[in-house]
Amino acid sequence: MGRRSLIGVLLGAFNLLVYLFLLAPIAVVIIASFNSSARLSFPLEGVSLQWYRAFLANRELLEALRLSAVVALATTALALPLGLLAAFAIDRYRFPGRDALSAFLLSPLLIPGVVLGIGILIFYASVGLPISVWGFVLAHVLIASPYVVRTVLASLARFDRSLEEAAMSLGADDLRTKRAVTLPAIRPGLLAGGIFAFMTSFDNVPLSVFLATPTVTPLPVKIYADLDSHGIDPVFTAVSTVLIVGTLALVLLLDRYVGLERL
Amino acid sequence: MADVRLAEVSKWFGGVRAVDALSLEVAQGEFLSLLGPSGCGKTTVLRLIAGFLDPTAGEIFIRGRSMARVPPFRRSIGMVFQNYSLFPHLNVYDNVAFGLRIRKIGHRTLHEAVTEALKLVRLEGIEAVERRFPHELSGGQQQRVALARALVIRPEVLLLDEPFGALDKKLREQMQLELKGLQREIGITTIFVTHDQEEALILSDRVAVMRAGRIEHLGPPAEIYERPRTRFAADFIGRSNSFQGRVVRDAGPGALLHTDEGLAIKVPEELPEGPAEVLLRPEQIAISATAPTSGADTVVAGTVADVMYLGTHVKYDVRIGTKLVEVFEQNVGGGPKGRYAPGDRVVLSWRSADLLCPRE
Amino acid sequence: MAGSIAERVYHLKRSRWSVLAGVLPILSVYVALLVIPMLLLGQFSLYRKLTGEMGQVVLIREVSLANYAKFLASPFYFRILKDTLVMALTVTGLCVLLGYPVAFSLSRARRWKGILYLLVLAPFFVSVVIRTYGWMVILGHNGLVNWLLLASGLVTAPVPLIYNYTGILIGVTHIMLPYMVITLEAVLRKIDRSLIEAAQGLGANPWQAFSRVIFPLSLPGLVAGSLLVFALSVSIFTTPSLMGGGRIHLMSTIIYEETMGQVNWPSGAMLAWVLLVTTLAVLGLSQLAARRFEWRR
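About the cut-offs
Residues numbered from 1 in each chain as written. Chains lettered and ligands numbered in written order. Predicted model: local features only at pLDDT ≥ 70, side-chain atom pairs only at ≥ 80, totals over all residues. Heavy atoms only, no water. Helix = DSSP H or I, 4+ residues; strand = E, 2+ residues; numbered from the N terminus. Buried < 20%, exposed > 50% of the residue type's maximum accessible area, 1.4 Å probe, protein only. Areas by Shrake-Rupley, 256 points an atom, 1.4 Å probe, with all protein chains shown as cover. Contact = heavy atoms within 4.5 Å. 1 Å grid on protein atoms, 1.4 Å probe; cavity = no way out; pocket = protein on both sides within 12 Å on 5 of 7 lines; lining within 4 Å. Points joined across faces, edges and corners; volume = space filled by probe spheres on them. Nonpolar A, V, L, I, M, F, W, Y, C, P; charged D, E, K, R; others polar. Buried area = accessible area lost by both parts, 1.4 Å probe. Salt bridge = Lys/Arg side-chain N within 4 Å of Asp/Glu carboxyl O. Lys, Arg positive; Asp, Glu negative; His and termini not counted. Pairing = 2+ DSSP bridges. Axes fitted to C-alpha atoms, helices over the stretch in contact; angles between N-to-C directions. Parallel < 35°, antiparallel > 145°, perpendicular 65-115°, else oblique. Left-handed = near helix turned anticlockwise from the far one by under 90°. pLDDT = per-residue confidence, 0-100. Phe/Tyr/Trp six-rings, centres within 6.5 Å; stacked < 30°, edge-to-face > 60°. Lys NZ or Arg CZ within 6 Å of the ring centre and 35° of its normal. Polar contact = N/O pair within 3.5 Å; in protein donor to acceptor, adjacent residues only side chain to side chain.

**Overview of the overall build of chain C**
Logical step 1: The helix and strand tally for chain C stands at 13 helices and two strands.
Logical step 2: Within chain C, buried positions represent 51% of all 297 residues.
Logical step 3: Accessible surface, chain C as shown: approximately 13800 Å² in total, 68% of it carbon and sulfur.

**Some remarks on the overall build of chain A**
Logical step 1: In terms of regular secondary structure, chain A is built from 11 helices and zero strands.
Logical step 2: Going from the N terminus to the C terminus, chain A shows its helices and strands as α-α-α-α-α-α-α-α-α-α-α.
Logical step 3: For chain A, the C-alpha atoms occupy an extent of roughly 70 × 70 × 30 Å along the three principal directions.
Logical step 4: Within chain A, residue pairs in contact and separated by at least 24 positions form 68% of the contacts whose partners lie at least 6 positions apart.
Logical step 5: Roughly 12100 Å² of accessible area belongs to chain A as shown, and the carbon and sulfur atoms make up 67% of that amount.

**Thoughts on empty space enclosed by the protein**
Logical step 1: Counted according to the given criterion, the structure contains one cavity of 30 Å³ or more.
Logical step 2: Lining the largest cavity are Met-79, Phe-81 and Arg-149 of chain B together with Ala-198, Gly-201 and Leu-202 of chain C.
Logical step 3: Of the residues contributing to the lining of the largest cavity, the split by class is four nonpolar, one polar and one charged.

**Re the interface of chain C and chain A**
Logical step 1: Chain C puts 83 residues into the contact, and the matching count from chain A is 87 residues.
Logical step 2: A combined buried area of about 7500 Å² lies between chain C and chain A, and 80% of that area is made up of carbon and sulfur atoms.
Logical step 3: Among the residues chain C hides against chain A, the three largest losses belong to Leu-33, Phe-125 and Tyr-133 of chain C. Together they make up 11% of the total.
Logical step 4: Here chain C is connected to chain A by zero salt bridges.
Logical step 5: The biggest single contributor to the side of chain C that touches chain A is helix H2 (residues 17–44) of chain C, with 19 residues.

**Notes on the side chain of Asp-161 of chain B**
Logical step 1: By the secondary structure assignment, Asp-161 of chain B is in strand E7 (residues 157–161).
Logical step 2: Although Asp-161 of chain B is buried, it forms no salt bridge, and the closest oppositely charged side chain is Arg-47 of chain B at an N-O distance of 6.0 Å.

**Section: the environment of Val-129 of chain B**
Residues and elements named next belong to chain B.
Logical step 1: Following the sequence through the fold, Val-129 ends up in the loop between helix H3 (107–120) and helix H4 (139–151).
Logical step 2: According to the relative accessible area criterion, Val-129 is buried, its value standing at 1%.
Logical step 3: Between the alpha carbons of Val-129 and Pro-72 there is a distance of 29 Å; along the sequence they are 57 residues apart.
Logical step 4: The residues contacting Val-129, other than those within four sequence positions of it, are Val-92, Leu-123 and Leu-137.

**Considering the pairing of strand E2 (residues 16–27) of chain B**
Residue and element names in this part refer to chain B.
Logical step 1: Both strand E1 (residues 2–13) and E2 contribute to a ladder of eight bridges, which runs antiparallel. Residue pairing in the sheet places Phe-13 in a bridge with Val-16 of E2.
Logical step 2: The antiparallel pairing of E1 with E2 creates a hairpin that spans two residues between the two strands, and Gly-14 there sits at a positive phi of about 60°.

**Examining the sheet that holds strand E10 (residues 214–219) of chain B**
Residue and element names in this part refer to chain B.
Logical step 1: If you walk across this open sheet you meet the six strands as E6-E7-E8-E3-E9-E10, and the pairing is mixed. What marks the edges here is a single partner per strand, and that holds for strand E6 (77–80) and E10. Strand after strand, the sheet turns through a mean of 20° between neighbouring axes, direction not considered.
Logical step 2: Sheet topology places strand E3 (residues 31–35) next to strand E8 (residues 189–194); five bridges connect them, and they run parallel. Its bridge partner being in E8, Leu-34 is matched across the sheet by Val-193.

**Some details on the packing of helix H5 (residues 113–127) of chain A against helix H6 (residues 133–158) of chain A**
Residues and elements named next belong to chain A.
Logical step 1: It is the contact of H5 with H6, at a shortest axis distance of 12 Å, that shows an interaxial angle of 135°. Overall, the two elements H5 and H6 adopt an arrangement that is oblique. Crossing of H5 over H6 shows right-handed handedness. Packed against H5, whose contacting residues are Leu-116, Ile-120 and Tyr-124, the element H6 presents Trp-134, Gly-135, Leu-138, Ala-139, Leu-142 and Ile-143 at the interface.
Logical step 2: Taken together, the residues of the contact of H5 with H6 break down into eight nonpolar, one polar and no charged.

**With respect to the confidence of the model for chain C**
One rule of thumb: low pLDDT means the predicted coordinates there are not for detailed reading.
Logical step 1: The predicted model of chain C has a mean per-residue pLDDT of 86, with 90% of residues at 70 or higher.
Logical step 2: As scored by the predictor, the complex reaches a pTM of 0.81 and an ipTM of 0.86.

**Examining the sheet that holds strand E12 (residues 255–259) of chain B**
Across a sheet, paired strands are connected by hydrogen bonds in the backbone, their directions being either parallel or antiparallel.
All names here are of chain B.
Logical step 1: Pairing is antiparallel across the open sheet formed by four strands, whose spatial order is E13-E12-E11-E14. Every interior strand has two partners, whereas the edge strands, strand E13 (264–267) and strand E14 (274–280), have only one. Going from strand to strand, the sheet's axes swing by 45° on average, the running direction of each strand aside.
Logical step 2: Relative to E13, E12 runs antiparallel, the two being bridged by four bridges. Paired with Leu-256 across the two strands is Lys-266, which belongs to E13.

**Quick notes on the packing of aromatic side chains**
Logical step 1: Under the criterion given, the structure shown has 29 aromatic pairs over all chains.
Logical step 2: Ring geometry for Phe-198 of chain A and Phe-202 of chain A: centres 5.6 Å apart, planes at 10°, overall stacked. You can see Phe-198 of chain A and its partner Phe-202 of chain A sitting in helix H8 (residues 174–203), four residues apart, about one turn around the helix.
Logical step 3: Pairing Tyr-100 of chain C with Phe-210 of chain C gives two aromatic rings, centres 6.0 Å apart and planes at 90°, and the pair type is edge-to-face. Taken together, the positions of Tyr-100 of chain C in helix H4 (residues 75–108) and Phe-210 of chain C in helix H10 (residues 206–235) put the pair 110 residues apart, joining distant regions of the chain. Phe-210 of chain C shares its class with Tyr-100 of chain C; the two are buried.
Logical step 4: Taken together, the aromatic side chains of Tyr-100, Phe-104, Trp-207, Phe-210 and Phe-215 of chain C make up a single cluster linked through ring pairs.
Logical step 5: Seen from the ring of Phe-243 of chain B, Lys-323 of chain B lies directly overhead, with NZ or CZ sitting 5.1 Å from the centre.

**Regarding the pattern of salt bridges**
Residue and element names in this part refer to chain B.
Logical step 1: One pass over the full model with this rule turns up 28 salt bridges over all chains.
Logical step 2: We note a salt bridge from Glu-156 to Arg-63, for which the minimum N-O separation is 4.0 Å. Of this pair, Glu-156 sits in the loop between H4 and E7 while Arg-63 sits in the loop between strand E4 (57–62) and strand E5 (65–66), placing them 93 residues apart in sequence.
Logical step 3: Classification of Arg-63 as partly exposed rests on a relative accessible area of 37%.
Logical step 4: In this structure, Arg-154 and Glu-116 form a salt bridge, with 3.9 Å as the shortest nitrogen-oxygen distance.

**So, the interface of chain B and chain C**
Logical step 1: Contacts between the two partners involve 22 residues from chain B, matched on the other side by 21 residues from chain C.
Logical step 2: For the pair chain B and chain C, the summed buried area comes to about 2100 Å², and 66% of that belongs to carbon and sulfur atoms.
Logical step 3: Area buried by chain B at its contact with chain C is led by Phe-73, His-89 and Ile-102 of chain B, which between them contribute 30% of it.
Logical step 4: The interface formed by chain B and chain C contains one salt bridge.
Logical step 5: One salt bridge connects Arg-47 of chain B with Glu-197 of chain C, and the closest N-O pair in it is separated by 2.6 Å.
Logical step 6: Linking chain B with chain C are six residue pairs in polar contact (both at pLDDT 80 or more), by the criterion used here.
Logical step 7: Counting residues per element, the side of chain B that touches chain C draws most heavily on helix H2 (residues 92–102) of chain B, which supplies four residues.
Logical step 8: Among the residues making up the side of chain B that touches chain C, the classes are represented as 12 nonpolar, five polar and five charged.

**Things to note about the environment of Leu-121 of chain C**
All names here are of chain C.
Logical step 1: Relative to the assigned elements, Leu-121 resides in helix H5 (residues 113–121).
Logical step 2: Judged by its relative accessible area of 7%, Leu-121 is buried.
Logical step 3: Through-space distance from the C-alpha of Leu-121 to that of Leu-33 is 30 Å; in sequence the pair is 88 residues apart.

**Regarding the packing of H5 of chain C against helix H8 (residues 165–190) of chain C**
Logical step 1: In contact at an axis separation of 9 Å, H5 of chain C and H8 of chain C are set at 145° when each is read in the N-to-C sense. Here Lys-113, Tyr-117, Val-120 and Leu-121 of chain C of H5 of chain C lie close against H8 of chain C, whose contacting residues are Pro-178, Val-181, Ile-182, Glu-185 and Arg-189 of chain C.

**A few points about unusual backbone geometry**
All names here are of chain B.
Logical step 1: Not every positive phi belongs to a glycine, and Ala-21 is a case in point at roughly 45°.
Logical step 2: Here Ala-21 lies in strand E2.
Logical step 3: Backbone geometry places Arg-154, a non-glycine residue, at a positive phi of 50°.
Logical step 4: On the secondary structure map, Arg-154 appears in the loop between H4 and E7.

The structure is reproduced here in structure tokens:
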């Protein structure tokens with residue numbers, strides 16, 4: 001018995017270190033965002049909100065944040081119906097090439113972002129599409145829809161079809177049945193898919209970095225480019241903290257309504 | 001000497017007493033069943049003996065050795081689980097050999113032991129059965145492999161946790177017979193958990209009827225059925241008619257129970273005066289059109305209220321005044337002609353010695 | 001006679017044409033942004049770039065395998081491909097070492113399970129750029145780790161922890177670890193507790209129960225998690241790009257450099273094809289391996 005608990009203690013200590021490793025960069029960024037010194041170096045000095053003020057005074061960063069939000073919202077708004085329709089077709093019908101089709105629809109998840117990035121860049125250049133919000137949205141729909149397809153397919157697989165039959169036998173027509181019975185049942189999947197779509201778009205660097213121009217730059221690309229050329233800038237601690245708190249709220253929402261373990 | 005002994009063993013889960021100061025002795029080679037409804041603590045008792053749970057109070061002895069602080073893998077037990085728990089990544093041979101390999105048994109001895117164990121559970125005939133994986137076996141075959149795996153390590157005690165629950169009725173009956181034969185053959189002390197009363201009665205040398213973490217009645221099957229010590233034990237096993245009322249000793253021989261429905265029935269003399277309840281098994285009541293059966297000392301007239309055909313026997317609900325009495329009549333053949341129909345006047349008769357008088 | 005609209009919709013929906021109606025919109029997006037770009041990528045990888053006398057970029061639209069020949073002949077590119085694969089393999093190994101104990105404890109946790117699960121998933125939901133930035137703050141010249149090392153007197157000068165291979169390994173492992181943990185945990189969770197009890201009942205001590213029952217049964221998860229992490233690590237861009245600081249090159253960063261830095265689209269396209277084929281080969285192998293390691297119940 002004593003031996004078992006010794007193993008348990010060692011395991012617990014090891015796990016603690018791994019959790020520390022997982023959470024350290026996030027925690028450090030949040031703590032450092034309240035630092036009052038001019039340079040980001042340790043030990044941290046006093047407490048101040050100067051980096052938040054610097055963030056709010058930085059027009060470029062705010063513009064990048066606005067662009068990212070607009071692109072992510074538009075991407076979600078497009079990816080949801082596209083993914084929903086496709087998932088329904090795949091779930092409800094048996095047709096040749098069905099498995100191949102669903103594998104194809106999930107494939108953007110597996111293709112390296114830089115490969116998609118350069119391909120789409122060449123495509124836009126070939127058809128003469130100027131870099132714009134829509135250029136980002138279209139590219140992001142491609143990498144966001146697979147999440148919607150996957151989560152909705154999973155929800156539909158769990159859905160008991162006899163509920164639809166029950167509704168129809170009670171006189172509800174097709175549309176009514178879908179609205180009153182099916183959609184509410186798969187709403188967790190839709191919600192999860194939507195949140196994934198939003199975050200995929202909002203977070204993307206490897207693809208977007210090929211499409212960005214000095215004037216049209218989403219936030220993560222802007223952070224990436226600045227870090228790449230100027231090194232560690234403390235203002236990003238404040239930007240990051242704002243984003244972390246934002247996504248944390250989203251995650252808690254997701255956990256509350258869907259349950260993370262079911263994803 | 002007792003092979004397995006539980007001394008005032010309790011197990012609490014939070015505030016719930018799953019096992020409540022339970023004492024039990026199982027003799028060498030005995031087949032004992034723990035019988036009771038779900039939640040009565042029977043599986044907890046088994047898991048305490050196996051060592052998967054530690055008792056909150058009390059002590060468990062196997063062959064006189066205290067099991068306190070002995071982990072499950074140092075106890076000499078063979079356990080068969082409800083869902084068999086065969087290792088899905090090992091084939092039949094390796095599943096059975098698992099415990100022997102842990103014990104670092106030599107190659108030859110191991111092979112002989114595994115082959116013998118498979119033979120013992122009658123698995124040797126099936127082609128290449130050793131190399132099959134659990135998911136390639138039927139439920140009955142998985143059951144046999146689980147049994148072979150538990151027996152091959154020659155445990156001091158065999159523990160079975162509702163092992164036949166997942167099998168269909170026919171197969172279950174066959175496996176019950178085989179288990180009984182096997183257990184007699186190797187004479188291993190066996191503790192068997194079930195909620196199926198029939199199974200417990202068929203298999204066991206003794207049955208412990210459990211309720212709320214305690215043993216209500218411990219005894220041989222016939223005693224459990226015919227002389228249940230408590231109302232709960234009588235109720236849980238078989239069906240019974242209940243008569244409640246007051247016992248009165250009249251001038252004549254014996255005592256009478258004046259029931260709440262206004263009947264007066266003869267009850268055994270040892271029953272004290274005052275409020276009482278007696279029970280009567282439906283199959284111990286004879287039903288006839290006129291003359292009562294010989295040997296009966298209680299005769300009551302009534303009207304058939306309902307008839308239910310059950311194949312091996314027929315169940316009648318007979319109304320006596322305001323009381324409904326359930327009667328089983330053996331289906332002796334002759335077709336439906338000889339049976340009674342609702343509304344028929346009938347006479348019920350029984351021996352007052354057959355009445356069950358459990359102490360509450 | 002034709003019935004109400006609802007009835008007609010019902011019958012239409014039962015026909016196969018409605019499959020097309022369902023998948024056509026998404027397929028058109030995929031054709032435009034996946035199929036055509038990949039074909040264009042293949043086409044461009046066969047072109048060549050010339051730098052004109054004034055430094056202007058000239059694209060020679062002439063089909064040749066010159067780019068691929070350059071790749072095969074160049075020790076520089078080969079080294080990058082090798083470095084990429086070695087990095088991905090090392091990250092996979094680190095994720096197994098760090099992730100297995102966590103996944104194991106998580107699969108057996110009762111209290112706190114939700115919170116512990118959330119803590120593992122939390123990094124997932126924080127932008128990759130931000131997490132990499134966090135590592136730069138921790139591991140940088142003036143970072144937390146160097147401060148601790150200096151303050152404790154273990155070193156006398158800051159240790160270079162970023163803009164090198166070590167930094168890339170730490171950063172990428174951090175990104176990949178949650179994938180490993182959740183894949184493993186999903187498999188470990190399904191292992192019936194009674195199997196462990198069965199093993200113990202047969203005389204196996206906790207270590208034997210682990211090594212003979214739990215570990216073999218968790219192999220499918222280990223294989224699936226490893227291949228997932230490996231495939232994702234081969235193509236990861238943001239973290240190695242920032243943590244490498246332009247000094248260490250991997251496939252994804254060299255593709256970006258050739259395309260955007262050198263404005264050599266044909267060369268970038270060629271490298272992109274090499275990376276794509278590498279990734280798909282890994283995934284194909286993983287499918288085969290997954291099938292071999294599948295224990296049916």
